[in-house]
Amino acid sequence: MEEGFDWVARGYGKDNVKLLYIRREGRVHSIKEYEIKTQLTLNTDKDYLLGDNSDVIATDSQKNTVYILAKRHGVVSPEDFALLLCSHFLLKYPQLTKAQVNVEEYPWQREVMDGRAHNHAFKFSPEYHHTCSVSQERDHEPLVSTGLQGLRLLKTTQSAFVNFVSDEFRSLPDMKDRVFSTEISAAWQYNKSTGVDFGKIWLLVLKTIKDKFAGPAEMGIFSPSVQNTVYLVQKTVLMEVPEVSQIQVTMPNKHYYPVDLSKFEGMENIENNEVFLPVDKPAGNITGTLGRTNLIKAKL
Ligand SMILES: O=c1[nH]c(=O)c2[nH]c(=O)[nH]c2[nH]1
């Protein structure tokens, strides 16, 4: 490096590599559609400094690698495929110090016709999606993190927010029974990369979020604040999944305020718990990242 300068970060790769993988087991087919980002770091910076490309694995070759490895090894989960790509790049090219692969899975679900799972038709279900990032430095274990994004939920009761700071800035009344709506995202890190059923854990996190937000079908589950619901989700995941070292959960509070109808004739003394105004912006933003101390014993 020339005097007076130092790299803060450096890397190059291909963005938005699109892949559809079809697994054909007789008449039953399964699909995975991914958008993949590769990012490699070389042990020299002569490409940047001198324009010397002799160690450069072209971003076009990185893209081809995605398709060739999909064909050779198949595609099971975003995490397994990203791990495969990282270890392939590091083994094949000694001039690399680091490989990073991000995968975004498209939310296809098997179609159901007359109550029966269809053999080869799928529907796009953009309620939420699965993302992951694997980063591996040479001679180090890969670091795997997974995300769940875009899960929009709403409940009409079993949510309150009371007893918060009362001063000259407060206008919000205590709300003992309010609408709770959010678009949840979660991101968690794994403490290992082998022997992990990433797909099963992703579904377990999804179920935990739904359990702690909605609760049982008849009674629901009471939420005294968004903060408390965030924590309940995080704590449950850490207790049930020993392979997860930390989890971030973000729950924007998408407000629905009762419309004030008291100025209208005949409405003055009528409680209004039916007519609400959805307020897009601003939204509360409630988030936290929970890790574990060594004292916590996982259940599994
Ligand atoms: O659950 C909530 N937490 C807050 O911190 C907050 N702030 C607010 O205005 N409404 C809410 N609701």
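In this text, all values refer to a predicted model and were calculated from it rather than measured experimentally.

## Some words on the nonpolar core
Here is step 1: Residues Ile36, Phe81, Trp188 and Ile209 are the most contacted members of the largest nonpolar core, which totals 56 residues.
Here is step 2: With residues near it in sequence (within four places) discarded, Ile209 still touches Leu148, Leu151, Leu153, Ile184, Ala186 and Val233.

## Some details on the pattern of salt bridges
Two side chains with opposite charge may pair up if their charged atoms get near one another.
Here is step 1: As enumerated under the stated definition, the model contains 11 salt bridges in all.
Here is step 2: A salt bridge links Glu35 to Lys18; its shortest N-O distance comes to 3.8 Å. Of this pair, Glu35 sits in strand E2 (residues 28–42) while Lys18 sits in strand E1 (residues 17–25); the two residues are 17 residues apart in sequence, bridging distant segments of the chain.
Here is step 3: Residue class for Glu35 comes out buried when judged on its relative accessible area of 17%.
Here is step 4: When its relative accessible area of 43% is taken as the criterion, Lys18 is described as partly exposed.
Here is step 5: The partner of Asp60 in a salt bridge is Lys63, and the shortest N-O contact between them spans 2.9 Å. Of this pair, Asp60 and Lys63 both sit in helix H2 (residues 59–73), three residues apart, which is roughly one turn of that helix.

## Comments concerning the sheet that holds E1
Here is step 1: The strand order E1-E2-E3-E6-E7-E8-E9-E12 describes an open sheet built from eight strands, whose pairing is antiparallel. The open sheet has two free edges, formed respectively by E1 and strand E12 (284–291), since each of these has just one partner strand. Taken pair by pair, the neighbouring strands of this sheet meet at an average axis angle of 20°, ignoring direction.
Here is step 2: Of the pairings in the sheet, the one linking strand E8 (residues 180–190) to strand E9 (residues 244–253) comprises six bridges and is antiparallel in character. When the bridges of E9 are listed, Ala187 appears paired with Gln248.

## Considerations on the UniProt feature "binding site: O2" (unreviewed entry) in the protein
Here is step 1: As annotated in UniProt, the feature "binding site: O2" (unreviewed entry) corresponds to Asn253 in the numbering used here.
Here is step 2: Structurally, Asn253 can be placed in strand E9.
Here is step 3: Since its relative accessible area comes to 9%, Asn253 is described here as buried.
Here is step 4: Sequence-distant contacts of Asn253, defined by excluding residues within four places in its chain, comprise Arg178, Ser181, Val226, Ala283, Gly284 and Ile286.

Definitions and cut-offs
- By convention here, each chain's residues receive numbers from 1 onward along its written sequence.
- For a predicted model such as this one, the threshold for reporting local features is a pLDDT of at least 70, and the threshold for listing and counting side-chain atom pairs is 80 or more; totals across whole chains, interfaces and linings nevertheless cover every residue.
- For side-chain calculations, the full set of non-hydrogen atoms in the structure is used, while hydrogens and water are omitted.
- In these notes, a set of buried Ala, Val, Leu, Ile, Met, Phe, Trp, Tyr and Cys residues joined through side-chain atoms within 4.5 Å is what counts as a nonpolar core.
- Residue burial is assigned from relative accessible area. The probe radius is 1.4 Å, only protein chains are included, and a residue is buried under 20% of its type maximum, exposed over 50%, and partly exposed in between.
- Contacts are residue-level and defined by heavy atoms, with any inter-residue pair within 4.5 Å sufficient.
- Salt bridge, as applied in this entry: a Lys or Arg side-chain nitrogen positioned within 4 Å of an Asp or Glu carboxyl oxygen.
- Helix and strand definitions here come from DSSP, where helices need a minimum of 4 consecutive H or I residues and strands a minimum of 2 consecutive E residues; each element is numbered from the N-terminal end.
- By the convention used here, strands pair only if DSSP detects at least 2 bridges between them.
- Lines are fitted to the C-alpha atoms to define the axes, a helix being fitted only along its stretch in contact, and any angle between axes, read from their N-to-C directions, falls within 0 to 180 degrees.
- UniProt positions are given in the numbering used here, feature names are shortened, and annotations may be inferred rather than shown by experiment.

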